Amino acid sequence: MGFDLVIRGATVVTPGHREAADIGIAGGRIAQFGGTMTGAQELAAGGLLAVPGGVDAHTHLVHQGLGDRLGFPIWVDDFWSGSRAAIAGGITTIGNMTYPVPDEDGTDETPGAAITREMAGAAPEAAVDWFLHPVLLHPATLPEGEVAALAGGGHASIKMFLADLDLAADEPALLATVSAAKAVGLVTLLHCEDGAMLRQAGEKLIAEGRGAVANFPEARPVAAEVAAVDQAIGIARCTGARVYIVHLSSAAALDRCRRARAAGLPVYVETRPLYLHLTRERFAEPDAGKYAGAPPLREQSDREALWAGLAAGDVDTLCSDHAPWTLDAKLDPALNAVTARQGVADLETLIPMLYSEGVAAGRISLDQFVALTSANAARIFGLYPRKGAIAAGSDADIALWDPGHRRTIDGACMQSLSGYSVYDGWQVQGWPRFVVRRGRSCSLTARSRAVPVTANGSGVTQRPEYDPGVEP
């Protein structure tokens, strides 16, 4: 049988099983494993691991021109540069946070309008597949039926910030919105830091003359995260809704989630690379501002607890929370412990560093690596098995991993427009040699128009005019 592409000789990684087999791809999907096959194109992959393309469910990309419209500094990667970073790191699908943009009189877009705008902006730029998380800043003002309309459009989630004092204080609106999400099958993403505690901690630092960015961790204490996680668990208990805690950072917060899950509550846990690879000692460095992210870097004991949580299955996903700034923007001397610009570039380094520090170092298994970077996110957001699996009928999104390849991280040579990495100088073992998206071997030198992917019960919907990608 003839195929569009045949991948020859890779070791295919499926749950609990490894097998050297050829992979036949037709029409952008995996069609056959093993047996006799010929391809219009062939890719020699002997000695490489074939794993599902990464599904990074937490990114912050902005389409071109949005920063000018907002009138203030914003993250530097659009869907094109972000796609390049994703592909270079083995990621073929991203979940992007979609914020409402205020109009001239200061009124925010509705979530539906924000989604429509972002889809139109991302479509000509994205080179990986993508889905969107609408951010609800003022749920009490949502038009009736808005949450149900999001589900009707195939979207799988909403996001809210418990760090927002107004939102956290308006508990009736918060519970009503989460209940509405539950009723139509949406997952509720929650940023878990207690807003009142953050405000008090920040004001105290400023009043005591300790407002330097080096004190950023003190401005966002573990207690604030734990209090908000407790609130999130309470929301899950009260409503029965599925709650997804983004970028969990501390041992204490993880313990709360572990106990909630043991009690049968539908609580998902995401963490991000910052907390696995760095600790708060970095804030003693002269360029401390470049490490700012919310929640902040924690102690070595928290780092160890999160690694243990990955191995034990207490953490569901590892996502980048890619929110890139230039180094000059991060180190702006006008910033302080309260106003420090949060976020780092991590799309390209997310999966290689997990392989290096996790699989190669013996902390997690290869099956856990696949679950954390692809399969679990695909399941949670309704994309599995079209995404997150190497199986007949799945989208042909495959990272061909060279487990012995060693590379020194140099953010100046990477794809993000941030121009640096918080891991500059790290030695990493394991990197994708080839990345296949929708059956085409990706190139970083040409554009490939991707499509939005949306949860639709059992699968994914896509635009009919889909262009499968870039020629190898």
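See the structure above.
As the structure is a prediction and not an experimental result, all values here were calculated from the model.

This next bit is on the overall build of the protein. Along its length, the protein carries 15 helices and 20 strands. In terms of C-alpha radius of gyration, the protein reaches 21 Å, essentially the compact-globule figure of 23 Å for 472 residues. Burial analysis of the protein (472 residues in total) assigns 58% to the buried set. Total accessible area on the protein stands at roughly 17000 Å², and carbon and sulfur atoms take up 53% of it. Once the 39 positive and 54 negative side-chain charges of the protein are each reduced to a mean point, those two points are 4 Å apart.

For a regular strand, the rule is simple: side chains alternate between the two faces of the sheet. The element strand E12 (residues 187-191) is largely enclosed, with a buried count of five among its five residues. Alternating residues of E12 divide into Val187, Leu189 and His191 and Thr188 and Leu190, and every residue in both groups is buried. Two elements, strand E11 (residues 157-161) and E12, share five bridges in a ladder whose sense is parallel. Counterpart to Phe161 in the pairing with E12 is His191.

Moving on, we come to the sheet that holds strand E18 (residues 440-441). Ordered by their spatial adjacency, six strands build an open sheet running E3-E2-E7-E16-E17-E18, and the pairing between neighbours is mixed. Only two strands of the sheet have a single partner each, and these edge strands are strand E3 (17-20) and E18. Both strand E17 (residues 427-437) and E18 contribute to a ladder of two bridges, which runs antiparallel. By the bridge assignment for E18, Arg437 is matched with Arg440.

Moving on, we get to the sheet that holds strand E9 (residues 91-98). One open sheet accounts for three strands, arranged E8-E9-E10; its pairing is parallel. Two strands in the sheet have a free side with no partner beyond their single neighbour: strand E8 (54-59) and strand E10 (129-134). Between one strand and the next, the sheet's axes are offset by a mean angle of 20°, whatever the strand orientation. One ladder, built from six bridges, connects E9 with E10; its direction is parallel. In the sheet register, Gly95 faces E10, and the bridge partner there is Phe131. Lying over the sheet, helix H3 (residues 111-122) contacts E9 and E10, oriented at roughly 155° with respect to E10.

Reading the values: rules and limits
- Residues numbered from 1 in each chain as written.
- Predicted model: local features only at pLDDT ≥ 70, side-chain atom pairs only at ≥ 80, totals over all residues.
- Heavy atoms only, no water.
- Helix = DSSP H or I, 4+ residues; strand = E, 2+ residues; numbered from the N terminus.
- Rg over C-alpha atoms; globule rule 2.2 N^0.38 Å.
- Buried < 20%, exposed > 50% of the residue type's maximum accessible area, 1.4 Å probe, protein only.
- Areas by Shrake-Rupley, 256 points an atom, 1.4 Å probe, with all protein chains shown as cover.
- Lys, Arg positive; Asp, Glu negative; His and termini not counted.
- Charge placed at Lys NZ, Arg CZ, Asp CG, Glu CD.
- Pairing = 2+ DSSP bridges.
- Axes fitted to C-alpha atoms, helices over the stretch in contact; angles between N-to-C directions.
- Contact = heavy atoms within 4.5 Å.

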